[in-house]
Amino acid sequence: VFMDVLEIKREVETLSERLGKTQDIFDVPALTARIQDLEQVAAQPQFWDDQTSAQQTLQELNDLKAHLEQFEQWRSHLEDARAILELMELEADES
């Protein structure tokens, strides 16, 4: 069991490094800022005056939100894996 915990720990560390690189590629702060900007644009009363532009804006907004949601899911899964790993390490220490 102890060896399994070490292997899992290495995998979690590798995934954590990859997620960090992915965060850099996604540029999460810039992505979040762009989403906020587009939401402000979409909230303007004249937003629907140009239907084509409005639809393009909403499509971009939806795409960006989907990217951010995917990243947040990955981060959440990694945090879950870390918590499980911690429990496994505690269990291995007790046995």
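Before reading on, note that the structure itself is shown above.
Residues numbered from 1 in each chain as written. Predicted model: local features only at pLDDT ≥ 70, side-chain atom pairs only at ≥ 80, totals over all residues. Heavy atoms only, no water.

Asks: Describe the nonpolar core, listing the residues and the values that go with them.
Replies: If you look at the biggest cluster of nonpolar residues, it comprises 13 residues, and the most contacted ones within it are L31, I35, L64 and L68. Counting residues per element, the ones that place at least two in this core are α1 (2-26), α2 (28-42) and α3 (51-94). A total of six residues in this core trace back to one element, the largest contributor, which is α3. The contact partners of L68, leaving out residues within four places of it in the chain, are V28, L31, T32 and I35. (Core = buried A, V, L, I, M, F, W, Y, C linked by side-chain atoms within 4.5 Å. Buried < 20%, exposed > 50% of the residue type's maximum accessible area, 1.4 Å probe, protein only. Helix = DSSP H or I, 4+ residues; strand = E, 2+ residues; numbered from the N terminus. Contact = heavy atoms within 4.5 Å.)

Asks: An account of α2 is requested, with residue identities and associated values reported.
Replies: An ideal rise of 1.5 Å per residue puts 21 Å on 15 residues; α2 measures up with 21 Å between its terminal C-alpha atoms. Turning to α2, its buried residues are V28, L31, I35 and L38. Buried residues of α2 fall within an arc of 85 degrees about the axis and therefore sit on the same side. For α2, the exposed residues lying more than 90 degrees away from the buried face are P29 and Q40. (Expected span 1.5 Å × (residues − 1). Arc of directions from axis to C-beta.)

Asks: Lay out the pattern of salt bridges with the relevant residues and their values.
Replies: Within the structure shown, the criterion is met by five salt bridges. Between K65 and E39 there is a salt bridge whose closest N-O contact spans 3.1 Å. With K65 in helix α3 and E39 in helix α2, this residue pair connects regions lying 26 residues apart in the sequence. Judged by its relative accessible area of 35%, K65 is partly exposed. The exposure class of E39 is partly exposed, given its relative accessible area of 35%. (Salt bridge = Lys/Arg side-chain N within 4 Å of Asp/Glu carboxyl O.)

As far as function goes, none of this settles anything; it's purely spatial.
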